[in-house]
Amino acid sequence: MSPIRMGSATVKAVSAAELGARTTELSLALVSGATELDAAGVAAARRVIDKAVERSGMSGDHTVVALAGATGSGKSSLFNALVGADVATIGARRPTTSRPTAAVWGDDDASGLLDWLGVQARHMVDAPGGQRAAGGGAGPGAGRRRDATVGSLDGLVLLDLPDFDSRVVEHRREAERVLELVDVFVWVTDPQKYADARLHDEFVSLLSQHDAVTLAVLNQADRLSADGVETITMDLTKLLVADGVAAAQVFATSAATGDGLPELRQRIANAVAGHAASRQRLRADVVGAATRLRPGVADSEPDLGQVPRAELDRSFGRAAGVPIVLDAVARDYRREAFAHTSWLFARWTKGFAADPLRRLRLDRTGGRPPIHVDIDGADVRAVLGRSSIPAPSASTVSAVELATRSFVRDASQGLPVRWAHALEDAVDRGDGALGDSLDRAVIGTPLRGHRPAWWFVVNVLQWVLGLAALAGLVWYAVLWAFALLQLPRPGTPALGILPLPLVMVVVGLLLGIGLGVLSRWWARIGARHRRNVIGKRLAESVAAVADEHVLAPVDEVLSRHRETRGHLEAAAR
C-alpha cells in the first residue's frame, strides 16, 4: 500500500481573500516606503505583486508542477514516466532539454496559463491512460505500466525544464524564469549530484519559504543498493533541512524500473486535488518578499513629543529676529506710557522719538483691535508686506542648521540608514521659504496689548494737576493785568498764609513732575511684563513655523515608516 494516501500531505489551503489581502498589504508597503526600502527587494516585490495579480486573474484551477534539476539527473525520463509516454526528448548528448515542455491533464483550457508561462511545447494527457501529443502520436513508452493513483490528476500542468546548470546561458535563464512562476517545485537530483552546491545555494535555499510546495526526488535509485538509497535519502533530507526546508520530503525513484513513481504521483495528485498550490506558492512569494523587506524598517519609531526641541525653537527665534522685536516692544511700551502718563507739558517731546515698531514695519494696527480678514498664510506677506527686521547673520543661520540636524538626529534614533536620510531630506533648514515663514509669523503676531488701567488713572491725574497749574498761572496773569490797568484788585483766597493761585501752580507743577517720574519708573516694570507676554506670543508663532518646516515633515516620514512596517508585518504574518 502506498505510504501517501489521498488527503495526506496535502497543500495547506490558502483562500483567495487571504492572498488578496496579503498582496494588498505588500502593495501598500511599497507605496508608503518604496524609496526608503532596499531597491532590489522592492523590484522583486513588484514582480511578485504583478505575478500574483496576473495568476489570480486566470480562469481554471490548474496546478503547475515543475521538474527542475541539473544535467544528467534524469528529469526528462522522469517526466516521460509520469506522463506515460516519451514526450520529452532523451539523449546522451548534454544538455538535451533546451526549452520547457508541458503536459496537461484534464479538459480545462490551459492555453492562457501556458502563454503566461511562456511554454510553447504542449501535450494533452488523457486519463486514466493514453495521451495525445500536440506534435504527434504516442511514443514507444506509451505502453509502460501505470500505477493506480488515488484521486484525479485533472488540472495538473507538468513542466520539464531546461537544466539549471546548463552550459548554455539561455537554457539556465529560461529555467530560472519559469521557476519564478510555477506552483510546485520538484527538485530532481541523482546519486552523483544530490549535494550540488548550485542546487542548494542558488535555488533550494533561496526558495526555502516554499516548503509547503517543495518536493525532492532522488532519481536513478536503481543504481544504488537498498542501504545506499536509504543513506543518500537521509543525507539529502538533512541538506534540505539545512537549506531551510523544514518539512523536507525526498522520494527515491527510478524512471527505468518505476520504483517510487506511485508515491511521487500520489503526492502530486494530493497537491492537484487541493487546487491550492498556486495560491500557496503566491502566498509564499508575498511572504518571502515582505520578509526580505522587513529588515528595512525598525521595530518602533521615536516619539516626537519626547524629542528635545528647546534649542530648535531658540535658534528659529533668533533667526526670526525675536530679540530685536522684543527690544522694540519694550521701547514701544515705554514710549506709549510716556505719552499717557508723563507730565502734561512734556508730552510734546514724544514726537522726537521714532516709533520702534513702525521702524521695523510691525504691528500695523497702531494698537487698535485688528480687523479679521480670511486669508491664507501665504497671502499675509502680500497684504502686510515684509518687515524691516535685519536679516539673520551667518552664525544665526548656522545655528538653525545645527539645531535642525541635532533634532533630526534625535528623531531618527534606531531607524535604518535610508529612513534617517529621508528625515534629513524632508526638513527645511533655512532657505528662502523658511525665512519668509518666520517673517510672516512675526508680522502676524499682535505686538501690542490693551492699555493698562493705571495709564488712564495717571493720565486723569496729570490733566487735573496740569489744568490746576495752568489755572493758577492764568489767575496770576489776571491779577497782573488788574495791577497793570490800576483797577481795583479783587480778593485772593488763601490756604493758610499761601495764596490759592500759588498753591495751584506749585502743587500742579511739583506733583505733575513727580507723578511723571514715578510713572516712568513703573513703565519700565510694565515694559518688562509686556516683553514677556509678547515673547510668549512670538515663541508660539515661531514654534508653529518649526512645526511646519521641521516637525511636520519628520512626522510624515515617521508615519510612513510606521505604515510600512505595519503593512509588511501584515503581509508576512
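Residues numbered from 1 in each chain as written. Predicted model: local features only at pLDDT ≥ 70, side-chain atom pairs only at ≥ 80, totals over all residues. Heavy atoms only, no water.

## Comments concerning the overall build of the protein
Here is step 1 of the chain: Looking only at helices and strands, one finds 18 helices and 10 strands in the protein.
Here is step 2 of the chain: A sequence separation of at least 24 residues applies to 79% of the contacts in the protein between residues at least 6 apart.
Here is step 3 of the chain: Accessible area for the protein stands at about 28200 Å²; split by element, carbon and sulfur atoms hold 58% of it. (Helix = DSSP H or I, 4+ residues; strand = E, 2+ residues; numbered from the N terminus. Contact = heavy atoms within 4.5 Å. Areas by Shrake-Rupley, 256 points an atom, 1.4 Å probe, with all protein chains shown as cover.)

## Here's the deal with unusual backbone geometry
Here is step 1 of the chain: In this structure, Gln-220 takes a positive phi of about 60° despite not being glycine.
Here is step 2 of the chain: Even without a glycine there, the phi angle at Arg-361 is positive, about 60°.
Here is step 3 of the chain: With respect to the helices and strands, Arg-361 occurs in the loop between helix H12 (356-359) and helix H13 (380-384).

## Focus on a negative patch on the surface
Here is step 1 of the chain: A grouping of Asp-61, Asp-107, Asp-108, Asp-109 and Asp-154 is seen on the molecular surface, where their side chains present a negatively charged patch.
Here is step 2 of the chain: Positionally, Asp-109 belongs in the loop between strand S2 (101-105) and helix H4 (111-117).
Here is step 3 of the chain: The class for Asp-109 is exposed, based on a relative accessible area of 61%. (Patch = residues over 30% accessible without salt bridge, like charges linked within 9 Å, V, L, I, M, F, W, Y side chains within 5 Å. Salt bridge = Lys/Arg side-chain N within 4 Å of Asp/Glu carboxyl O. Lys, Arg positive; Asp, Glu negative; His and termini not counted. Charge placed at Lys NZ, Arg CZ, Asp CG, Glu CD. Buried < 20%, exposed > 50% of the residue type's maximum accessible area, 1.4 Å probe, protein only.)

## Some thoughts on helix H9 (residues 277-293)
Here is step 1 of the chain: In this model, H9 (17 residues) spans 24 Å end to end at C-alpha, consistent with the 24 Å of a helix rising 1.5 Å per residue.
Here is step 2 of the chain: Burial analysis of H9 places 14 of its 17 residues in the buried class, the great majority of the element. (Expected span 1.5 Å × (residues − 1).)

## Considering the packing of helix H11 (residues 322-341) against helix H17 (residues 453-484)
Here is step 1 of the chain: H17 packs onto H11 with a crossing angle of 35° between their chain directions and a minimal axis gap of 8 Å. Contacts between H11 and H17 involve Tyr-333, Glu-336, Ala-337, His-340 and Thr-341 from the former and Trp-454, Trp-455, Val-458, Asn-459 and Gln-462 from the latter.
Here is step 2 of the chain: Looking at the contact of H11 with H17, its residues break down into five nonpolar, four polar and one charged. (Axes fitted to C-alpha atoms, helices over the stretch in contact; angles between N-to-C directions. Nonpolar A, V, L, I, M, F, W, Y, C, P; charged D, E, K, R; others polar.)

## Quick look at the layout of surface pockets
Here is step 1 of the chain: Of the voids in this model, the second largest pocket is the one considered here, and its volume is about 630 Å³.
Here is step 2 of the chain: Taken together, 21 residues make up the lining of the second largest pocket; nearest its centre are Arg-47, Glu-180, Leu-207, Arg-281 and Arg-292.
Here is step 3 of the chain: Among the elements that make up the lining of the second largest pocket, the one with the highest residue count is helix H2 (residues 39-56) (six residues).
Here is step 4 of the chain: Per-class residue counts for the lining of the second largest pocket are eight nonpolar, two polar and 11 charged. (1 Å grid on protein atoms, 1.4 Å probe; cavity = no way out; pocket = protein on both sides within 12 Å on 5 of 7 lines; lining within 4 Å. Points joined across faces, edges and corners; volume = space filled by probe spheres on them.)

## Side note on the confidence of the model for the protein
Here is step 1 of the chain: With 86% of its residues at a pLDDT of 70 or more, the protein has an overall mean of 83.
Here is step 2 of the chain: In the predicted structure, residues 129-146 sits below a pLDDT of 50 and forms 34 contacts with residues beyond four places in sequence or in another chain. (pLDDT = per-residue confidence, 0-100.)

## Description of the nonpolar core
Here is step 1 of the chain: In this structure, Leu-26 and Phe-316 are the most contacted members of the largest nonpolar core, which totals 58 residues.
Here is step 2 of the chain: No other element matches the 12 residues that helix H18 (residues 500-572) contributes to this core.
Here is step 3 of the chain: Look past the residues within four positions of Phe-316 in its chain and what remains in contact with it is Val-400, Thr-404, Leu-434, Leu-438, Val-542, Val-545, Ala-546 and Val-550.
Here is step 4 of the chain: Ranked by size, the runner-up nonpolar core spans 36 residues in total, among them Val-157, Phe-164, Val-182 and Trp-187. (Core = buried A, V, L, I, M, F, W, Y, C linked by side-chain atoms within 4.5 Å.)

## Focus on a nonpolar patch on the surface
Here is step 1 of the chain: Together, Phe-345, Trp-463, Leu-467, Leu-470, Val-474 and Val-478 line one region of the surface with nonpolar side chains, adding up to about 530 Å² of accessible area.
Here is step 2 of the chain: Assignment of secondary structure puts Leu-470 in helix H17.

## As for H17
Here is step 1 of the chain: In this model H17 runs 46 Å from its N-terminal to its C-terminal C-alpha over 32 residues, within 8% of the 46 Å that 1.5 Å per residue would give.
Here is step 2 of the chain: Listed as buried for H17 are Trp-455, Val-458, Asn-459, Gln-462, Leu-465, Gly-466, Ala-469, Gly-472 and Leu-479.
Here is step 3 of the chain: One or two positions beyond H17, positive phi appears at Gln-486, with a value near 55°.

## With respect to the side chain of Thr-341
Here is step 1 of the chain: Mapping Thr-341 onto the fold places it in helix H11.
Here is step 2 of the chain: Separated by 2.5 Å, the side chain of Thr-341 and the backbone oxygen of Ala-337 make a polar contact.
Here is step 3 of the chain: Not counting residues up to four positions away in its chain, the partners in contact with Thr-341 are Arg-347, Trp-454, Trp-455, Val-458, Gln-462, Leu-515, Gly-516 and Ser-519. (Polar contact = N/O pair within 3.5 Å; in protein donor to acceptor, adjacent residues only side chain to side chain.)

## Observations regarding the pattern of salt bridges
Here is step 1 of the chain: The final tally for this structure, using the stated rule, is 25 salt bridges.
Here is step 2 of the chain: Put simply, Glu-174 and Arg-177 hold a salt bridge, and the shortest N to O gap is 2.7 Å. Within this pair, Glu-174 and its partner Arg-177 are both found in helix H5 (residues 169-179), separated by three residues, close to a single helical turn.
Here is step 3 of the chain: Measuring nitrogen to oxygen at the nearest pair gives 3.4 Å for the salt bridge that ties Arg-562 to Glu-301. Of this pair, Arg-562 sits in helix H18 while Glu-301 sits in the loop between H9 and helix H10 (310-319), and the two are 261 residues apart along the sequence.
Here is step 4 of the chain: Each of Asp-332, Asp-355, Arg-358 and Arg-448 takes part in one network of salt bridges that share partners.

## Description of the packing of aromatic side chains
Here is step 1 of the chain: Taken as a whole, this structure holds six aromatic pairs when the rule is applied.
Here is step 2 of the chain: Residues Phe-185 and Trp-187 carry aromatic rings whose centres are separated by 5.5 Å and whose planes lie at 15° to one another, so their mutual orientation is stacked.
Here is step 3 of the chain: Residue Phe-185 is classed as buried on the basis of its relative accessible area of 1%.
Here is step 4 of the chain: Residue classification places Trp-187 among the buried positions, given a relative accessible area of 3%.
Here is step 5 of the chain: Considering the side-chain rings of Trp-343 and Phe-345, the 5.3 Å spacing of their centres and the 75° angle between planes classify their relative orientation as edge-to-face. (Phe/Tyr/Trp six-rings, centres within 6.5 Å; stacked < 30°, edge-to-face > 60°.)

## Examining the side chain of Gln-462
Here is step 1 of the chain: In this fold, Gln-462 is placed in helix H17.
Here is step 2 of the chain: For Gln-462, the side chain forms a polar contact with the main-chain oxygen of Thr-341, separated by 3.0 Å.
Here is step 3 of the chain: Those residues in contact with Gln-462, other than ones at most four positions away along the chain, are Thr-341, Ser-342, Trp-343, Leu-344, Arg-347, Gly-512, Leu-515 and Gly-516.

## A few points about empty space enclosed by the protein
Over the atoms, a rolled probe matching the size of one water molecule traces out where space is still vacant.
Here is step 1 of the chain: Under the definition given, this model contains four cavities of 30 Å³ or more.
Here is step 2 of the chain: In this structure, the second largest cavity occupies an estimated 40 Å³ of space.
Here is step 3 of the chain: What lines the second largest cavity is Trp-187, Thr-189, Leu-199, His-200, Val-204, Ala-216, Leu-236 and Leu-240.
Here is step 4 of the chain: Those elements that place two or more of their residues in the lining of the second largest cavity are strand S6 (184-189), helix H6 (197-204) and helix H7 (226-242).
Here is step 5 of the chain: The element that contributes the greatest number of residues to the lining of the second largest cavity is H6, accounting for three residues.
Here is step 6 of the chain: Here the lining of the second largest cavity is composed, by residue class, of six nonpolar, two polar and no charged.

## Digging into the packing of H9 against H18
Here is step 1 of the chain: Contact geometry for H9 and H18: axes closest at 8 Å, N-to-C directions at 145°. In terms of crossing hand, the pair formed by H9 and H18 is left-handed. Contacts between H9 and H18 pair Val-286, Val-287, Ala-290, Thr-291 and Leu-293 from the former with Leu-568, Ala-571 and Ala-572 from the latter.
Here is step 2 of the chain: Counted by class, the contact of H9 with H18 contains seven nonpolar, one polar and no charged residues. (Left-handed = near helix turned anticlockwise from the far one by under 90°.)

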